[in-house]
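Here is how the chains run, residue by residue.
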Amino acid sequence: MNDPVSTEGWGKALTVAKGYADLILKPPLTEIGQVLGDYVNCWRTKNKVRLLLKVKDFCEAKGIDPKKIDPDVFVPLLEEAGNTSNEELSDMFARLLATHVDDARSSQAHTSFAKVLGQLSSEDVKILNIIDESERASFEPDPTHLGVRGNYLIEKTIIIEKSFGLHSLDVTTVALSLQNLERLVIIVNDFSTFTLNAGEPSRVRYTITAYGDKFLRACNDPGKYWRNIIGNIDEIKNIQQTFERNSELRFRKRMKDVVESNFRVAAGL
């Protein structure tokens, strides 16, 4: 493919690009009265300024004395944050930067988190929140059971239903977001629940990975976010997983015994 800038000249290329941007951008550049480069730079600068003001307010509200951080951490995070005007994503970037500058928590923020966050769409965050909220509910104390309320895994069908009900997201959007979250190793399709009978369909269920857990902790308010409050949940997950496996095995064995017993009675054995 030929380079349109070199073949048509910079002036003509800029005019064509600006005209096309008017067709696809809300609001069009002709209404703003700025050239393409100026508009994009202005938009990104506004996003960066908004981020820094959010971090300042957050740290002051929490009584955090911000430490100086290396440009290797600050610059990539600021660049990624400059690419979104979405309020929820901007808040996550602000809390991530606040984690980096908080001497008590900076070790919990990996430099890769900014790149990962920069690859999330607003739809991805909505779906991630649904999965995260499902896990939070599973860790609530339940007076009718020993320990916590239930299993931390959430089925794909439930994610689809909640995504449509809460955010009007269609199945294709949900599927793409789940694939992206899996690609970024924030969630995983849990295959620990297996089937004993050949040909029996297995359920598609998701959970937050250990990496995703650390990522969410770094991008949320440490004083309010449930993962930061409850502490290490990996051990509880392992207990739940073991309990579910044993319960399912016992249930299947019981069903197998009943079927075999009925077969023997029917056969007169």
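Residues numbered from 1 in each chain as written. Predicted model: local features only at pLDDT ≥ 70, side-chain atom pairs only at ≥ 80, totals over all residues. Heavy atoms only, no water.

### Here's the deal with the pattern of salt bridges
Considering all chains together, one arrives at 15 salt bridges under this definition. Put simply, Glu60 and Lys56 hold a salt bridge, and the shortest N to O gap is 2.9 Å. Separated by 4 residues within a single helix, Glu60 and Lys56 lie in helix α4 (residues 36-62), roughly one turn from each other. (Salt bridge = Lys/Arg side-chain N within 4 Å of Asp/Glu carboxyl O. Helix = DSSP H or I, 4+ residues; strand = E, 2+ residues; numbered from the N terminus.)

### Focus: the side chain of Arg227
Within the fold, Arg227 resides in helix α12 (residues 226-230). Arg227 sits in the buried class, given a relative accessible area of 0%. Filtering out sequence-adjacent residues up to four positions away, Arg227 remains in contact with Asp132, Glu135, Ile208, Asp213, Leu216, Arg217 and Ile233. (Buried < 20%, exposed > 50% of the residue type's maximum accessible area, 1.4 Å probe, protein only. Contact = heavy atoms within 4.5 Å.)

### A closer look at the side chain of Glu80
By the secondary structure assignment, Glu80 is in helix α5 (residues 71-81). Assessed through its relative accessible area of 14%, Glu80 is described here as buried.

### With respect to helix α10 (residues 171-183)
If you check α10, its first and last C-alpha atoms are 18 Å apart, about what 13 residues at 1.5 Å a residue would give, namely 18 Å. Buried within α10 are the following residues: Val174, Ser177, Leu178, Asn180 and Leu181. One side of α10 holds all its buried residues, which, seen down the axis, span an arc of 165 degrees. Exposed side chains of α10 directed beyond 90 degrees from the buried face belong to Thr172, Leu176 and Arg183. Residues of α10 that are buried in the fold lie against α8 (122-138), α9 (156-167), β2 (187-189) and β3 (205-208). The N-terminus of α10 is capped by Asp170, whose side-chain oxygen sits 3.2 Å from the backbone nitrogen of Thr172. (Expected span 1.5 Å × (residues − 1). Arc of directions from axis to C-beta. Polar contact = N/O pair within 3.5 Å; in protein donor to acceptor, adjacent residues only side chain to side chain.)

### A closer look at the packing of α9 against α10
Two measures define how a pair of helices packs: the angle their axes make with one another and the distance between the axes. Look at α9 against α10: their axes get within 10 Å of each other, and the N-to-C directions meet at 125 degrees. Compared by their axis directions, α9 and α10 come out oblique. Seen along the crossing, α9 lies across α10 with a hand that is right-handed. From α9, Lys156, Ile159, Ile160 and Ser163 reach across to α10, where they touch Val171, Val174 and Leu178. (Axes fitted to C-alpha atoms, helices over the stretch in contact; angles between N-to-C directions. Parallel < 35°, antiparallel > 145°, perpendicular 65-115°, else oblique. Left-handed = near helix turned anticlockwise from the far one by under 90°.)

### Re the packing of helix α6 (residues 87-101) against α8
At a minimum axis distance of 9 Å, the contact between α6 and α8 shows a crossing angle of 75 degrees. Between α6 and α8, the angle is such that the two are roughly perpendicular. Mapping the contact onto sequence places Glu88, Leu89 and Met92 in α6 and Ser122, Val125 and Asn129 in α8. When the residues that make up the contact of α6 with α8 are grouped by side-chain class, the tally is 3 nonpolar, 2 polar and 1 charged. (Nonpolar A, V, L, I, M, F, W, Y, C, P; charged D, E, K, R; others polar.)

### Quick word on unusual backbone geometry
Phi is positive for Ser168, which is not a glycine, with a value near 60 degrees. Mapped onto the secondary structure, Ser168 falls in the loop between α9 and α10. In this model, Val185 sits at a positive phi of 60 degrees, which is unusual for a non-glycine residue.

### Considerations on the sheet that holds β3
Taken together, 3 strands build an open sheet; the order of strands is β1-β3-β2 and the sheet is antiparallel. Unpaired on one side and paired on the other, β1 (154-155) and β2 mark the two borders of the sheet. As paired elements, β1 and β3 share 2 bridges and run antiparallel to each other. Looking across to β3, one finds that Glu155 is bridged to Arg205. (Pairing = 2+ DSSP bridges.)

### Quick notes on the confidence of the model for the protein chain
Averaged over all residues, the pLDDT of the protein chain is 79; the fraction at 70 or higher stands at 66%. Helix α7 (residues 112-118) holds the highest mean pLDDT among the elements of the protein chain, 98, whereas helix α1 (residues 4-8) holds the lowest, 50. Low pLDDT, under 50, characterises residues 1-5; the predicted model gives this stretch 5 contacts beyond four residues in sequence or across chains. (pLDDT = per-residue confidence, 0-100.)

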